[in-house]
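If you want the building blocks of each chain, they are given just below.
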Amino acid sequence: LQAAQTLTGSDVLAIYHSAAPAGDPASTLERVALLGTGDFLPASIPFTVLSTLRNAHLWIPGKRALTPLHRAARVANLTYVVTAPLAVPQGANGLVLFAGASGAPPEDSTALAEIVAAVLTAILRYHTDLYELNQELQAQAEEQATGSAIFDLTEEGILLVTPEAR
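Residues numbered from 1 in each chain as written. Predicted model: local features only at pLDDT ≥ 70, side-chain atom pairs only at ≥ 80, totals over all residues. Heavy atoms only, no water.

## Digging into the overall build of the protein chain
The number of helices and strands found in the protein chain is 4 helices and 6 strands. Across the protein chain, helices and strands are ordered from the amino to the carboxyl terminus as α-β-β-β-α-β-α-β-β-α. A total of 166 residues make up the protein chain; the buried ones form 33% of that total. (Helix = DSSP H or I, 4+ residues; strand = E, 2+ residues; numbered from the N terminus. Buried < 20%, exposed > 50% of the residue type's maximum accessible area, 1.4 Å probe, protein only.)

## Describing helix H3 (residues 68–75)
Taken together, the buried positions of H3 are occupied by Leu-69, His-70, Ala-72 and Ala-73. Seen along its axis, H3 keeps its buried residues to an arc of 160 degrees; they face one direction. Positive backbone phi, approximately 60 degrees, marks Asn-77, located one or two places after H3. (Arc of directions from axis to C-beta.)

## Here we look at the side chain of Thr-121
Inspection of the secondary structure assignment puts Thr-121 in helix H4 (residues 109–161). Discounting residues that sit within four places of it in the chain, Thr-121 has contacts with Leu-86 and Ala-87. (Contact = heavy atoms within 4.5 Å.)

## What to know about the nonpolar core
In a soluble, globular protein the nonpolar side chains are often hidden away together inside. By size, the foremost hydrophobic cluster in this structure holds 18 residues, and its most contacted members are Tyr-16, Leu-41, Ile-45, Leu-69, Val-81, Leu-95 and Leu-97. Among the elements of the structure, strand S1 (12–17), helix H2 (49–52), H3 and strand S6 (91–100) are those that each provide at least two residues to this core. Those residues in contact with Leu-41 that lie beyond four places of it in its chain are Val-12, Ala-14, Tyr-16, Arg-31, Leu-34, Leu-69 and Leu-97. Of all hydrophobic cores here, the second largest spans 17 residues; its members include Ala-56, Leu-86, Val-116 and Leu-120. (Core = buried A, V, L, I, M, F, W, Y, C linked by side-chain atoms within 4.5 Å.)

## Side note on the side chain of Ser-10
Structurally, the position occupied by Ser-10 is in the loop between helix H1 (2–8) and S1. In terms of polar contacts, Ser-10 uses its side chain to reach the side chain of Thr-8, at 3.0 Å. A polar contact is formed between the side chain of Ser-10 and the backbone oxygen of Val-12, at a distance of 3.3 Å. Other than its neighbours up to four places away in sequence, Ser-10 contacts Gln-5, Tyr-80, Phe-98 and Ala-99. (Polar contact = N/O pair within 3.5 Å; in protein donor to acceptor, adjacent residues only side chain to side chain.)

## A few points about the environment of Pro-106
Along the polypeptide, Pro-106 turns up in the loop between S6 and H4. Not counting residues up to four positions away in its chain, the partners in contact with Pro-106 are Thr-8, Tyr-80, Phe-98 and Leu-112.

## Brief notes about the pairing of S1
Counted residue by residue, S1 has 5 buried out of 6 residues, so it is predominantly covered. Taken together, the 6 bridges between S1 and strand S2 (residues 28–36) define a ladder with antiparallel strand orientation. Along S2, the bridge assignment pairs Tyr-16 with Arg-31. (Pairing = 2+ DSSP bridges.)

And the structure:
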């Protein structure tokens, strides 16, 4: 995250993410990471924000505030806010935001936001896959232990019942 903040030259970098399946309209996006002085940003935002910000977006003062994030930025007197969705195959399920308190937005700010979002999406996907694989491995280990125990008990039972075992 610090690398992304340095790359963008922003004062604030935040990540909003939903634990609910992508596309679940009843869920909210929770702020899961924050770098800089972004206390003005809401802790959670409606999931519907992703339909408004489905592409990388640059907001500057004077433009219409489309989301609670833009309204918070206007109240905090920020000079720009750039957002990009975190996408998974089923659709967007998060948002990366970077903002500045002074100066103009970086050149190609939306392209930078897309790059940062792509990297963060890959990291999140990796950790999700790793978690799921560990869960599957644990379930298979339990199943194998149960199978081994049954096999051992069955083998002992056959030895006790078989006349040739004497």
